[in-house]
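If you want the building blocks of each chain, they are given just below.
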Amino acid sequence: MNERIERLRKRLFDQSPRICSERCQIFTESIKKNAQKPIAVRRALAFHDVLDRMTIRVEEGELIVGNQAKWPKAAPIYPEYSTDWILAELDGKPFRPEDRPGDKFFIDAETERDIRDCLPYWEDKTLIGHLRASLPQEILDAWAGGIIDETWVVGAGLGNEIPDYDLVVNKGLRSVRERALARRAGIDPKEPDGVKKIFFLDGVVTGIDAVVNFSRRIAVECAKKAARAKDPGFRRELSELADICRRVPFEPARTFHEAVQSIYLILLAVHLESNGHAISLGRFDQYLNPFYERDVANGTLARDQALEIIECFFIKCNELNKLRSWPDSEFFLGYQMFINLAVGGQTRDGGNAVNETSRLCVQACAELKLVTPSVSVKWFEGTPDDFMLEALDACIVHQGGMPAFYNDPAFIRTLRDMGVAEEDLVDWAPDGCIEASIPGKWDFAAKGPWLNVEKVLEITLNNGADPRTGILYKPTARDVATASSTREILEEYKGQLAYFMDLQVVTEHANDYVHCLYDINPFRSALVEDCIGRCLDLVEGGALYSADGGPTAGTISAGDALAAIEYAVFEKKILTLPQLLHACRGNFGDLATSPSGPEIRALLRNKAPKFGNDDDAADAWVLEIENYIGSRYRHAYKSSKYGKGPVPCCFSYSQTPVSGNVAFGRSIGATPDGRGDGDPVNNGISPANGSERTGATAACNSVGKLPSIYFQKGAIFNMRLTRSAVATRGQRKRVVDMVKTLFGQYAQHIQFNVVDNAVYRDAMEHPEKYADLMVRVSGYSALFTALAPDCQVDVLNRLEMDV
Amino acid sequence: MPGPEPLKAMVFNIERCSGEDGPGIRTVAFLKGCGLRCQWCANPESQNGKPEILHKGTACADCGRCREHCPKSLIRRTPDGWIAGDGRECSLCRSCVDACYYGARVLLGEEYTVEELWRETAKDIAYYRQSGGGVTFSGGEPLLQADFVAEFGRRCRESGITLWIETCGQVPGSELAKAAAVADGIYYDFKHVDPERHRELTGVDNLLIVDNLRWLNANYQGMLSVRYPYVPGKNDSAEAVEGFVAFAAELKNAREICFLPYHRLGLDKYRGLGRKYALAGTEPLNKGDLAHLLRHQKRLAIPIRI
């Protein structure tokens, strides 16, 4: 890290996250002004107005320029999605933004007044309001009960997509605009939907013009700053940046620097059109490296300069921010934008795709130790061990689980099974946490309500009612307390899962319906094939590929619970089922029973088999649930886009709970796996806290048994490594060998937290000393000190594994 | 007609994914029973060849269920926990183990046939193959069950994985030879060069151990690593170290001499077995404390590792 990067990095950390009102004000005014225009045009015009009027900031020393808000790390407001919570939080319910237990945001008085002035207009016009009004009562009940939850999808924009950066850097927005105009010229407005198609394409052109205007405003600001710069070095850099921004992203990039700047402007623009998160970068090393090689070959770029540009870009990615409601923040703690960046993998002819840009990204990741972008290494049989070791070394330095490792063959197997074309398979890239997408061809890699899998088990064990609220959802066929085998309970559980999964699917259909009416985003749609050809927004079915599915939490814990029932009730006959259910309902606190509540809990925790130990007595139950959920999503449902063009339009299983395993755990009472009332469920497909007792390979083998064929939307496997276990190159080689063996079993992913517990304990006591301490909570890295205390404790409780 | 009894070994622990006991990713099978009684032994549960019950004080919730469930009322509460004792024989009926919900009582020592142990260790065979790893026999003294080890070693050979052995050398030469024929590597522990002092520290003199090590040096084709547990006040005198180095200078076919810093991580297990630990007052060492031993390197043909 050179002096410039050190300074820019420090400036980033010195900046407090704030709330910015500009986008909210300009957008609201524009939407009011164009109230009767068609939605595609109306939103495109508002997008144009925002990009035309917002403040432009350029700082001396930056090599990549552009801004999302008035200040770095400030979050704009997107009132069209949801507003109730903004007003409530400004009134201190449950917390003022600056007083939250985690992910705090500061707001000045003027900003607060501006936002309060805008919000009344939106009171009856938000997406979430429209959706909730269209949902039947049983879905609202399940949402309120913390069983399914669509807040993350509809409380903000739809996200989890990867624009076609390859197209932008090589052909420029000019080519997209020309294509849209040509398409428009071929439409007869008298044909069915012809008028609607024209509206959409007009939106596309307006959106592209908005972004080109934005880049030229930035160029003007660079030129202005250059004229005032005292230092001749800064003057030269700023003049160059002015030239670059006058050219890209409208024109194709000619140099490495132009290409990276072009990518950043697209990233910014997509984040300003809507605030869906997880707008990822795809195969960054693949579309960028030809520029690197060309510049190096003609002597205009040195490796160090390329590294500097990439590091500036990484820092700029961390200036983006998003304000979520506090309850929603609890699922995504750590100021996360989920900008995923893939490196490595294979070329279309099956060769090793690792190149110098891949290595630069890994190096930047280690040097900068930032939250985003999430650097993801795609491994296949041809990936050199050297590169894996380089990535592991970076991970040890980063301390926050980055880079993470992804199994190319496993994802390719899944995507092929879903109908992705052969020529697209190797280009898959993780989006957001880990969801597999085909860059520039897939709409939303993740979209759909959460499912609280272990909560559904609790409801099953209470015959279909939530013991917290007394609400009866769907009665079980029989009184579960009289079941004569664990399998009978499993069958009832499947029935309950089906009920709530049905509700998820209905929610998602309703969600798509309201988005089609109110949330058309032509600019970002234009960067995904084949939205322009079909004249459809992503949400209307414009993309080549589409599959829905929201994150789930707690499948492993639920499997452990069934394994514990089998062990304690049916196999060892230590407890009766009513005894066990009584103990759970009383949170293992009843001292009058024999065995007592605490003794029952100890039995369940210490003696019952647990997933993560390569023990089929536990793993088989997990597998039953995994197969049921995975297969049902894949085969029993169709998304709203089915028949409109995209394939396969099924639902997919996601086990990427981020910090949702803590948030969802809070709504679940005590369970037979020995989990206490309100405690977190397991994270992703990682074994539950404290249950890995047989070593890392055993945990890997348990994970390797899971049906990853269903896991298009990813399944997070976290493993903590002690620093002493990766001290020598021989030890690190062993870790790489373990990863390769795990991947040989078609496991999809593994990420390592390499840190000692003492560091985290100290960080809880002295957060000021650890402002940049990272942790990989799940599928993403976060600042440890930004997490709420109970989430911090969850991280601490993860068992350290000796590899 | 029933065939011959299959070979069985008494195993008290199987540790997967070990990184310290040979190359690559390994599983270590700890066999029970040892001819030495080293004062510093970190695995006291390994010494006796028969199963026994260990009490884990840190897991114990002090509920007393173990006492309630012992059919012979052998279990007493002592300052070190709930220990079976009082001079009467425990029949290892497992009642107390099953009764303990906290996992604080563990029965150590289970018989495995070669096939059973193979099945258990083969769970990680893909990791061994990827990393050049395999299975390591430790103990106790695994070569007290050398026929089993040799049979198991043939199984490893057939499957293309490596077998390593950790031995103290206190076994008949014929037994050592059986194992040496199948082992890819041997860690050979050496405690003290003086026979009398060796007897004081371990219960037996070192004559057999010295002979066996010389035999391996002369005949063994695999990787031989000689380990010297460096224990304060026991074998760390200048005289003892000099003597060992002089002997080690003969060992031209060994791969390395490795000094191991003393630790007392076995202390809890002594408590849990109701036994006294002779070195309770001895402070543990770390690798840095042994750095001075590297000065002996010039007298040796093979490298010293700490």
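What you see as residue numbers is a count from 1 along each chain, following the sequence as written. For this description, chains carry letters from A and ligands carry numbers from 1, given in the order in which they are written. Whole-chain, interface and lining totals are the exception, using all residues; otherwise, since this is a predicted model, local features are given only for residues with pLDDT of at least 70 and side-chain atom pairs are given and counted only at 80 or more. The basis for the side-chain values is all heavy atoms of the structure; hydrogens and waters are excluded.

Q: Can you help me understand the overall build of chain B in this one?
A: Helices and strands together make up the secondary structure of chain B, namely ten helices and 13 strands. Our radius of gyration is a C-alpha quantity, and the globule rule it is checked against amounts to 2.2 Å times the number of residues to the power 0.38. On C-alpha atoms alone, chain B measures out to a radius of gyration of 20 Å, which is about the 19 Å that the 2.2 N^0.38 rule sets for 306 residues. With the principal axes as the frame, chain B shows a C-alpha extent of 60 × 55 × 35 Å. Whether a residue is buried, partly exposed or exposed follows from its accessible area with a 1.4 Å probe, protein chains only, as a fraction of its type maximum: under 20%, in between, or over 50%, in that order. Taken over 306 residues, chain B has a buried fraction of 52%. Residue contacts are counted whenever heavy atoms from the two residues lie within 4.5 Å of one another. Relative to all contacts within chain B whose residues are 6 or more apart in sequence, the contacts with residues 24 or more apart total 68%. If you sum the accessible surface of chain B, you get close to 13600 Å²; carbon and sulfur atoms cover 50% of it. His residues and chain termini do not enter the charge count, which takes Lys and Arg as positive and Asp and Glu as negative. Taken as the charge centre is NZ of Lys, CZ of Arg, CG of Asp or CD of Glu, depending on the residue. Averaging the positions of the 40 positive and the 39 negative side-chain charges in chain B gives two centres separated by 2 Å. Put simply, DSSP H or I for four residues or longer makes a helix, DSSP E for two residues or longer makes a strand, and each gets a number counted from the N terminus. Surface exposure here means Shrake-Rupley accessible area, sampled with a 1.4 Å probe, where a residue is shielded only by the protein chains that are shown.

Q: Before we go on, may I ask you to explain the packing of aromatic side chains in this structure?
A: Any two aromatic rings considered together are summarised by their centre-to-centre distance and by the angle between their planes. Residue and element names in this part refer to chain A. Each Phe, Tyr or Trp ring, with Trp reduced to its six-membered ring, pairs with another whose centre is within 6.5 Å; inter-plane angles below 30 degrees give stacked pairs, above 60 give edge-to-face pairs, and intermediate values give tilted ones. Enumeration according to the criterion identifies 40 aromatic pairs over all chains in this entry. On the basis of an interplanar angle of 85 degrees and a centroid distance of 6.1 Å, the ring pair of Y264 and F313 is categorised as edge-to-face. Taken together, the residues span a long stretch of sequence, with Y264 in helix 12 (residues 256-273) and F313 in helix 14 (residues 303-317) at a distance of 49 residues. Accessibility expressed as a relative area gives 0% for F313, which makes it buried. Pairing Y633 with Y653 gives two aromatic rings, centres 6.1 Å apart and planes at 50 degrees, and the pair type is tilted. Here Y653 lies in the loop between strand 12 (647-651) and helix 28 (660-665) and Y633 lies in helix 27 (residues 616-636), a separation of 20 residues in the sequence. Each member of the pair, Y633 as well as Y653, carries the same accessibility label: buried. What links up through ring pairs into an aromatic cluster is the set W152, F331, F332, F338, W450 and F664. Sitting over a ring, as applied to charges here, requires NZ of Lys or CZ of Arg to be within 6 Å of the ring centre and within 35 degrees of the ring normal. Sitting over the ring of F27, R23 keeps its end group 3.9 Å from the ring centre.

Q: Please explain the interface of chain A and chain B as it appears in this structure.
A: Put simply, an interface is often sized by how much accessible area is lost when its parts join up. Facing 26 residues of chain A, the contacting portion of chain B comprises 21 residues. The contact between chain A and chain B buries some 1900 Å² in all, and 53% of this surface belongs to carbon and sulfur atoms. Salt bridges are defined as contacts in which a side-chain nitrogen from Lys or Arg sits within 4 Å of a carboxyl oxygen from Asp or Glu. Our enumeration of links across chain A and chain B arrives at one salt bridge. Measuring nitrogen to oxygen at the nearest pair gives 2.6 Å for the salt bridge that ties D614 of chain A to R16 of chain B. Note on definitions: buried area is the accessible-area loss of two parts on being combined, 1.4 Å probe, summed for both.

Q: So what exactly am I meant to see when it comes to the nonpolar core here?
A: What tends to happen in soluble globular proteins is that the nonpolar side chains get buried as a cluster. By size, the foremost hydrophobic cluster in this structure holds 254 residues, and its most contacted members are F500 and F752 of chain A. Among the elements that make up this core, the one with the highest residue count is helix 10 (residues 194-228) of chain A (14 residues). If we skip the residues at most four places from it in the chain, F752 of chain A touches L392, C395, G401, F405, M719, L721, V735, M738 and V739 of chain A. Remark: nonpolar core denotes a set of buried residues (Ala, Val, Leu, Ile, Met, Phe, Trp, Tyr, Cys) joined through side-chain atoms within 4.5 Å. Of all hydrophobic cores here, the second largest spans 67 residues; its members include V11, V149, A179 and V231 of chain B.

Q: Mind showing me how you'd approach helix 1 (residues 3-14) of chain A here?
A: Quick reminder: α-helices carry 3.6 residues per turn. Residues three or four places apart thus point the same way. All names here are of chain A. Here the expected length of a helix is defined as 1.5 Å per residue gap, with one fewer gap than residues. Given a rise of 1.5 Å per residue, twelve residues ought to cover 16 Å, and the 16 Å separating the end C-alpha atoms of helix 1 matches this to within 8%. Of all the residues in helix 1, the buried ones are R4, I5, L8, R9 and L12. End-on view of helix 1: buried residues confined to an arc of 125 degrees, all on one side of the axis. What points out from helix 1, more than 90 degrees from its buried face, is the exposed set E3, K10 and D14. Here the buried face of helix 1 lies against helix 11 (232-247), helix 14 and helix 16 (356-368). Definition of a polar contact: a pair of N or O atoms within 3.5 Å, with one able to donate and the other able to accept a hydrogen when the atoms are protein atoms, and with sequence-neighbouring residues admitted only if both atoms are side-chain atoms. The residue sitting at the N-terminus of helix 1 and contributing the capping side-chain oxygen is N2; that oxygen lies 3.1 Å from the backbone nitrogen of R4. Comment: arc refers to directions from the helix axis out to C-beta atoms.

Q: Explain a nonpolar patch on the surface here, please?
A: On the surface, a nonpolar cluster with roughly 300 Å² of combined accessible area is contributed by Y513, L517 and Y518 of chain A. Mapped onto the fold, Y518 of chain A is located in helix 21 (residues 486-518). In this scheme, patches are assembled from residues that exceed 30% relative accessible area and form no salt bridge. Like charges are connected within 9 Å, while nonpolar side chains (Val, Leu, Ile, Met, Phe, Trp, Tyr) are connected within 5 Å.

Q: When you look at the sheet that holds strand 5 (residues 374-379) of chain A in this model, what are you seeing that I'm missing?
A: Picture the strands of a sheet paired through backbone hydrogen bonds; they go either parallel or antiparallel. Residue and element names in this part refer to chain A. Paired strands are those between which DSSP finds at least two bridges. Within the open sheet, the five strands sit side by side as 4-5-6-14-13. Their pairing is mixed. This sheet does not close on itself; its edge strands, each paired only once, are strand 4 (340-344) and strand 13 (718-721). Pairwise comparison of adjacent strand axes, ignoring direction, gives a mean angle of 30 degrees for this sheet. Sheet topology note: the strand 5/strand 6 (residues 404-407) ladder contains four bridges and is parallel. Bridged to V377 within strand 6 is F405. Note on definitions: angles span 0 to 180 degrees between N-to-C directions of axes, and those axes are lines fitted to C-alpha atoms, for helices only across the stretch in contact.

Q: What is the right way to read unusual backbone geometry from this model?
A: Cis geometry marks the peptide bond from K93 of chain A to P94 of chain A; its omega dihedral reads -5 degrees. With an omega dihedral of -5 degrees, the bond running from V647 of chain A to P648 of chain A counts as a cis peptide bond. Topologically, P648 of chain A is positioned in strand 12. The backbone phi angle of Y335 of chain A is positive, close to 50 degrees, even though this residue is not glycine. Position of Y335 of chain A among the secondary structure elements: in the loop between helix 15 (326-329) and strand 4. Its identity as a non-glycine residue notwithstanding, D62 of chain B has a phi of 65 degrees, on the positive side. Here D62 of chain B lies in the loop between strand 3 (52-55) and helix 1 (65-69).

Q: Quick question: what am I supposed to make of the sheet that holds strand 9 (residues 450-452) of chain A here?
A: Residue and element names in this part refer to chain A. Strand order across the open sheet formed by three strands is 3-9-11, with mixed pairing between neighbours. Edge positions in the sheet fall to strand 3 (148-149) and strand 11 (552-553), since each of these pairs with one other strand and no more. In terms of strand pairing, strand 9 meets strand 11 through two bridges, oriented parallel. Within strand 11, the residue paired with N452 across the bridge is A553.

Q: Explain the confidence of the model for chain A to me, please; I cannot follow it from the model alone.
A: A low pLDDT score tells you not to read the predicted coordinates there in detail. Residues and elements named next belong to chain A. Scored from 0 to 100, pLDDT records how confident the predictor is in each individual residue. Confidence in the prediction for chain A averages 94 pLDDT; 96% of positions are at 70 or higher. Contacts of residues 776-780 to residues separated by more than four positions or lying in other chains number 36 contacts, the stretch itself having pLDDT below 50. Ignoring residues within four places in sequence, the model shows residues 799-803, a span with pLDDT below 50, making 27 contacts including any to other chains.

Q: Which parts of the structure should I look at to understand the pattern of salt bridges?
A: All names here are of chain A. Counted by the stated rule, this structure contains 89 salt bridges over all chains. When the shortest N-O distance is used, the salt bridge between E112 and R116 registers 3.1 Å. Residue E112 and its partner R116 are located together in helix 5 (residues 109-122), separated by four residues, close to a single helical turn. The partly exposed category is assigned to R116, whose relative accessible area is 29%.

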